[in-house]
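These are the residues of each chain, in order.
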Amino acid sequence: MDPVKYLKSADLMSWLEELARENKVFAPRYEGDAVIFAPFDPKQEISIKHAATMPPKKTVFPQSEKLVDFTYSKDPENLSRILIEAKEILPKGTTVVFGSRPCDVRGFTMFDRVYLAEKTTDVYYKARRENTSFITLACEKPETTCFCHWVDSSPSDASGSDVLATPIEDGYVLEPFSEKGQKLLTSSLLENGERWILEVKDVHENAAGFLANAPDLSQAPQKLLDVFDNMEFWENAAAKCLSCGACTYLCPSCYCFNITDETTGMKGTRFRSWDNCMSAQFTMEASGHNPRPTKAHRLKNRVGHKFSYYPAIHDGVISCCGCGRCIKSCPVGIDIREIVQEAINHEPAIGKE
Amino acid sequence: MKDKNHYLPEMATINEVIQETHNIMTFRVTFNDPQVMENFTFQPGQVGQLSSFGTGEATFVINSPPTRKDYLQFSVMRTGEVTSKLHSLSEGDQIGVRAPLGNFFPYEDMKGKDIVFIGGGIGMAPLRPLMLYMLDNRKDYGKITLLYGARSPVDMAFNYELQSWLEREDLETHLTIDAKYEGWQHTVGLIPNVLLDIAPSSENCVAVTCGPPIMIKFTLQALEKLGFKDEQIVTTLEKRMKCGVGICGRCNIGSSYVCMDGPVFTAAQLKELPNEL
Ligand SMILES: Cc1cc2nc3c(=O)[nH]c(=O)nc-3n(C[C@H](O)[C@H](O)[C@H](O)COP(=O)(O)OP(=O)(O)OC[C@H]3O[C@@H](n4cnc5c(N)ncnc54)[C@H](O)[C@@H]3O)c2cc1C
Ligand code: SF4
Ligand code: SF4
Ligand code: SF4
Ligand code: FES
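Residues numbered from 1 in each chain as written. Chains lettered and ligands numbered in written order. Predicted model: local features only at pLDDT ≥ 70, side-chain atom pairs only at ≥ 80, totals over all residues. Heavy atoms only, no water.

Let us look at the overall build of chain B. Secondary structure summary: chain B contains 8 helices and 15 strands in total. Computed over its C-alpha atoms, the radius of gyration of chain B comes to 18 Å, within 12% of the 19 Å expected for a compact globule of 277 residues. The 277 residues of chain B split such that 60% are buried. For chain B, the share of sequence-separated contacts (at least 6 apart) that also reach a separation of at least 24 residues comes to 69%. Of the accessible surface of chain B, which amounts to about 11700 Å², a share of 49% is contributed by carbon and sulfur atoms. Positive and negative charge centroids in chain B, built from 25 and 33 side chains respectively, lie 4 Å apart. (Helix = DSSP H or I, 4+ residues; strand = E, 2+ residues; numbered from the N terminus. Rg over C-alpha atoms; globule rule 2.2 N^0.38 Å. Buried < 20%, exposed > 50% of the residue type's maximum accessible area, 1.4 Å probe, protein only. Contact = heavy atoms within 4.5 Å. Areas by Shrake-Rupley, 256 points an atom, 1.4 Å probe, with all protein chains shown as cover. Lys, Arg positive; Asp, Glu negative; His and termini not counted. Charge placed at Lys NZ, Arg CZ, Asp CG, Glu CD.)

Dropping the structure here:
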């Protein structure tokens, strides 16, 4: 790997401008009360004090994206017959995301195991993932809702990222973690940063120090299966849930989608768009039968998928990166940490299964 | 190597439409690209996503057997948007197909065994390709019995071939309807009860069943009474599907995905899954 670089805070906007010449650059900024990732605009301030309200999920997995364009035309040989042509629409161009957080980008590693599986690679995701680089900011002071350290991560985790940027006095130390990352660090605005390495270590350790001890989650996958049929448990957990879906839309590792068609005249497009298992429609069948008829069934799937089913087929990796967004954004204060811990500590009633 | 785009349907033409019942239509389709048609292979039990562009996709079993290579057959029961749109199509119309998807019946493991097929309503569709495949490879299998039931004679699909099935010496066919019907010459009675009357021996036998949930429930009980073990019972599941390739997250039961790990499961495998059918 190339040496570590240093960027003066004063040069940050110029560096992003430089990057924006050849890439689409996204950076966090305020929109109303929320901090979201928006196309970089040198005239607008960026906001990197805390993790953004919305993770940069959409940069690789847009909220709605075109899959296939189709056109109808009349068969010249038989005018009563309609011919249809279907064409794939693959994403183009390179993107750089600045100011993502370790948990945000680790979310994509959860996607990767599903979307880049050998025999069923998702060509749309792959194109975007390969052409998007993440310059991730190490967190200096985790919030009370952060629990990345419960799930094998940390405020300075670089997994999935191309560059890890650690804020130190008056600047950032930039460490490359991939070839893509090295290429981003060639600007003349950057100087050698080796001499700051100890400061970087301090920042990382200091941040980790804010986090309380993590509980042992190794039993979570089995314990969640043990309470699968205990609907009382799940009804309690979901009692206040409004089925609004905020917890999944804001989640960096929620990857479910729907496919829908839209047509105007002789043309149309097949889209995919974010969908989520907290919605009653998600599993509703044509017959009216719904395998997850209540919000308790659906919350069970969200928690179960992340802490039990996903780990069962992906080497034990929990598909929650501990960003805490679902906790912060839930209008009724449902806390996934509590549910998982309650499941772990749940003792089956004596005499019952 | 370029990755395959799993979401891009292959264009196909409807060559034949058969009105099976008042709400079931069968489509025989061929891919427009002769090369694709030539190279297309699948296994009995696998499914396809049919596209009506502008409306959407829905999942159907390929119910022609792999041993008949000139077309793919899908039988579509009208239940909602996409199925209604498909019912408006006729010969010569274009359709998108994503196939084959999913797993298939373990027909290799069934070799040398007796087979009992138990189909209810549109549930006959997934059984058909396996049964025809076995009849095309008749010597590999023992006694083959079919019990096919529908609400009434007019609800019975595949009418045009039932007579030939009844006449075959190497296939024991029982047809049943729920209630008495003028002119009906076969059995009257609910599938699980008729099954108990026929009482196939469970010895070295595999039962393959598909149908509406309530029928499956009582059929499984009947099979148990007849001495069938869970490992000897094979069925197919229906879950709402979108991507068909294990990505969109819609069809999971715990950590199993019906579009990849199914739709075919043994009763033993189903018991291992979390209780969420
Ligand atoms: C593995 C498998 C094999 C199937 N084989 C057949 C078959 O051979 N013949 C047949 O007639 N039907 C079959 N079905 C059921 C068929 O897919 C549904 O009836 C159909 O999707 C309903 O679509 P719709 O748009 O008309 O209904 P709507 O109610 O308008 O459906 C809206 C949406 O829900 C989805 N959906 C609703 N119900 C189901 C369901 N039960 N299963 C899957 N998706 C659903 C549809 O994909 C659609 O996107 C099968 C289903 C599965 C999962
Ligand atoms: S489940 Fe909640 S805490 Fe975990 S990654 Fe998703 S939003 Fe963050
Ligand atoms: S929690 Fe639900 S919406 Fe999120 S990835 Fe899992 S199944 Fe999909
Ligand atoms: S954010 Fe809270 S209320 Fe909304 S669906 Fe999630 S758990 Fe339920
Ligand atoms: S249909 Fe998408 S995961 Fe099974």
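We are not done yet, so read on.
What follows is about the packing of helix α7 (residues 231-238) of chain A against helix α11 (residues 336-345) of chain A. Residue and element names in this part refer to chain A. Relative orientation of the contacting elements α7 and α11 amounts to 160°, with a least axis distance of 11 Å. Judged on the interaxial angle alone, α11 and α7 are roughly antiparallel. When you trace α7 past α11, the crossing you get is right-handed. Residues F233, W234 and A237 of α7 touch α11, and the partners they reach there are I339, E342 and A343. (Axes fitted to C-alpha atoms, helices over the stretch in contact; angles between N-to-C directions. Parallel < 35°, antiparallel > 145°, perpendicular 65-115°, else oblique. Left-handed = near helix turned anticlockwise from the far one by under 90°.)

The subject of this paragraph is the sheet that holds strand β2 (residues 24-31) of chain B. Picture the strands of a sheet paired through backbone hydrogen bonds; they go either parallel or antiparallel. All names here are of chain B. Pairing is antiparallel in the open sheet, where 6 strands are placed in the order β4-β3-β6-β1-β2-β5. In this open sheet, the two edge strands, each paired with only one partner strand, are β4 (56-61) and β5 (72-77). On average, each strand axis in the sheet is tilted by 40° relative to the strand beside it, whichever way the strands run. With 7 bridges connecting them, strand β1 (residues 10-19) and β2 associate as antiparallel partners. The partner of E16 across the bridge, within β2, is R28. (Pairing = 2+ DSSP bridges.)

All names here are of chain B. Within the secondary structure, G80 is located in the loop between β5 and α2 (81-87). Here G80 falls in the partly exposed class, since its relative accessible area comes to 26%. In the structure, G80 is positioned 22 residues away from A58 in sequence and 10.0 Å away in space, judged by C-alpha atoms.

Before going further, it helps to spend a moment on the interface of chain A and chain B. With 49 residues of chain A in contact, the opposing surface of chain B contributes 39 residues. Note on chain A versus chain B: buried area summed over both sides is about 3700 Å², and carbon and sulfur give 54% of it. Among the residues chain A hides against chain B, the three largest losses belong to I84(A), T120(A) and R270(A). Together they make up 15% of the total. At the surface where chain A touches chain B, the tally comes to 4 salt bridges. A salt bridge links R292(A) to E276(B), with the nearest nitrogen and oxygen atoms 3.0 Å apart. At the junction of chain A and chain B, the tally comes to 22 residue pairs in polar contact (both at pLDDT 80 or more). Among the elements of the structure, β4 (64-75), β5 (78-88), α2 (102-115), α3 (123-130), β11 (257-264), β12 (267-274) and α9 (295-313) of chain A are those that each provide at least two residues to the side of chain A that touches chain B. Residues belonging to the side of chain A that touches chain B are distributed by class as follows: 25 nonpolar, 10 polar and 14 charged. (Buried area = accessible area lost by both parts, 1.4 Å probe. Salt bridge = Lys/Arg side-chain N within 4 Å of Asp/Glu carboxyl O. Polar contact = N/O pair within 3.5 Å; in protein donor to acceptor, adjacent residues only side chain to side chain. Nonpolar A, V, L, I, M, F, W, Y, C, P; charged D, E, K, R; others polar.)

On to the pattern of salt bridges, then. Residues and elements named next belong to chain B. Counted under the stated rule, the structure contains 28 salt bridges over all chains. With its nearest N and O atoms 3.7 Å apart, the salt bridge here joins D170 to R138. Here D170 is found in the loop between α4 (159-167) and β9 (172-177), whereas its partner R138 is found in the loop between α3 (124-136) and β8 (144-150), with 32 residues between them in sequence. The class of D170 is partly exposed, set by a relative accessible area of 26%. Classification of R138 as buried rests on a relative accessible area of 18%. D140 is paired through a salt bridge with K139; the nearest N and O atoms lie 3.8 Å apart.

Of the residues in chain B, 100% have a pLDDT of 70 or more, and the chain-wide mean is 94. Taken together, the chains of this predicted complex give a pTM of 0.93 and an interface ipTM of 0.92. (pLDDT = per-residue confidence, 0-100.)

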